[in-house]
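Chain by chain, the residues run as shown.
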Amino acid sequence: MKDLIPLEDWGFVKSVPAIIAGPCSAETEEQLFDTCKAIKEKTDVSLFRAGIWKPRTRPGSFEGIGEEALEWYKTVKDELEIPVALEVATAKHVESALKYEMDVLWIGARSTANPFTVQEIADALQGVDIPVIVKNPVNPDLALWIGAIERVYNAGIRKIGALHRGFSSYGEKEFRNAPMWQLPIALKSDFPQIPLFCDPSHIGGKRDLILPISQKAVDLNYDGLMIETHINPDEALSDAKQQVTPDALVDILASIKVRSADIGDESLKNKLAELRSHIDQIDEDILSSLANRMGLVGQIGDYKKENDITIFQAKRWVNIFQNRPEQAKKMGLSTSFIEQLFKLIHDESIRIQTKILNS
Ligand code: PEP
Ligand code: MN
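Residues numbered from 1 in each chain as written. Chains lettered and ligands numbered in written order. Predicted model: local features only at pLDDT ≥ 70, side-chain atom pairs only at ≥ 80, totals over all residues. Heavy atoms only, no water.

*Asks:* I'd like to hear about the domain arrangement of the protein, residue by residue, with values.
*Replies:* Partitioning the protein into structural domains gives domain 1 (7–255) and domain 2 (266–357). Centre-to-centre, using C-alpha coordinates, domain 1 lies 41 Å away from domain 2. (Domains from an automatic or database assignment.)

The structure is reproduced here in structure tokens:
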């Protein structure tokens, strides 16, 4: 996918990060127009968003206006002269969106999770030149996300973006959809040419979380933010808790600190180089300590084999899992980080000893 077109050449991007804003759903002609007009007047918005067909988790919720809203959206686009984006989930949606000259399409999280749906959308896009943004699937499956992007690419689309909106999980939680930042980061490192957007509205699920999530995305060098904005969010027919007014959007955007990805002047570069070479050294120490540790694990494996002792010695591991995080805490390290690290080390130790016992 080396020949993808960079975001700055999509033709409408006004700022870094690019701002995509608009209501969760188009509800009435006035609501849509007034929301978009206020956003345009107050911000540097690059692209409007609005849902016309809404994939709702349970029946009975507001499922979108459908085709009629495409006419409203076309008026917005023509009068405000800002391109418009919407979600498509079927070939029929694609056909209607193209008929009304919509500018950008996105594939929603529920659709990305289903290869048949993505393929149907991709087939409807054959031979069309339109940017397509692919949201992450609802489940944390990076290959499924990449697969959906590849299906769109194989249809001939060359303006493709990825949109991180978080991942579903069960139970009480801090975020509506867990961000699991490691997935979009892995996507970005494997495919740096794919513009990456963040949707803090669907990740957070509440207004207060939009700023911290956006800041984190900007600090991770995301290319754009999609923020649900509504002229009267408390009365919104979908996702009321996470939508903000155009004025609140202005405050959020003003509070985001955009730091430079470029390292800048010489003395700063030297200082960074010095700290990084120190880190390289420490990483080497960590690796050689791990190699030593696994060597000892192997020796214990030999001993267990000779004496017919089981690999897993519960008491020993209860002790390690208690003791290491306690030690780590005294050193100012996060206990959950050390718990996860030792869980990995334990898994690897068991793997090594299983191999020895079965040899
Ligand atoms: C949306 O953007 O309105 C939407 C339905 O989001 P998602 O596909 O991320 O749930
Ligand atoms: Mn929404």
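*Asks:* Can you explain the sheet that holds strand 2 (residues 47–49)? Please cite residues and give values.
*Replies:* The parallel closed barrel is built from 8 strands, whose spatial order is 1-2-3-4-5-6-7-8. With direction set aside, neighbouring strand axes in the sheet form an average angle of 25°. Strand direction decides the pairing type here: strand 4 (residues 104–107) and strand 5 (residues 132–135), joined by 3 bridges, are parallel. Each residue of the ladder has a partner; that of Leu105, found in strand 5, is Val132. (Pairing = 2+ DSSP bridges. Helix = DSSP H or I, 4+ residues; strand = E, 2+ residues; numbered from the N terminus. Axes fitted to C-alpha atoms, helices over the stretch in contact; angles between N-to-C directions.)

*Asks:* Can you explain the coordination of the manganese ion (ligand 2)? Please cite residues and give values.
*Replies:* Looking at the metal site, the manganese ion (ligand 2) is ligated by Cys24 (SG), His202 (NE2), Glu228 (OE) and Asp239 (OD), spaced 2.0 to 2.4 Å from it. Spacing between the donor residues of the manganese ion (ligand 2) along the chain follows C-x177-H-x25-E-x10-D. You can see Glu228 sitting in strand 8 (residues 224–228) and its partner Asp239 sitting in the loop between strand 8 and helix 10 (246–255), a full 11 residues away along the chain. The pair Glu228 / Asp239 is uniform in exposure class, with both members buried. (Donors = N, O, S within 2.8 Å, 3.2 Å for Na, K, Ca; no water. Buried < 20%, exposed > 50% of the residue type's maximum accessible area, 1.4 Å probe, protein only.)

*Asks:* An account of the site of ligand 1 is requested, with residue identities and associated values reported.
*Replies:* Contacts to ligand 1 come from Arg49, Lys54, Glu87, Trp106, Gly108, Ala109, Arg110, Lys135, Arg165, His202 and Glu228. With respect to ligand 1, the side chain of Lys135 contributes an N or O atom lying 2.7 Å from an oxygen atom. Contacts to ligand 1 include Arg165, whose side-chain N or O atom sits 2.6 Å from an oxygen atom. The protein chains hide 97% of the 290 Å² of surface that ligand 1 would expose on its own. Taken together, the residues of the shell around ligand 1 break down into 2 nonpolar, 2 polar and 7 charged. (Near = heavy atom within 4 Å. Polar contact = N/O pair within 3.5 Å; in protein donor to acceptor, adjacent residues only side chain to side chain. Areas by Shrake-Rupley, 256 points an atom, 1.4 Å probe, with all protein chains shown as cover. Nonpolar A, V, L, I, M, F, W, Y, C, P; charged D, E, K, R; others polar.)

*Asks:* Which residues make up helix 6 (residues 142–154), and what are the values?
*Replies:* In this model, helix 6 (13 residues) spans 18 Å end to end at C-alpha, consistent with the 18 Å of a helix rising 1.5 Å per residue. For helix 6, the complete set of buried residues consists of Leu142, Leu144, Trp145, Ile146, Gly147, Ala148, Ile149, Val152 and Tyr153. Here helix 6 starts with a cap whose side-chain oxygen sits 3.2 Å from the backbone nitrogen of Ala143, and that cap is Asp141. Where helix 6 ends, the next residue or the one after it, Gly156, has phi of about 105°, a positive value. (Expected span 1.5 Å × (residues − 1).)

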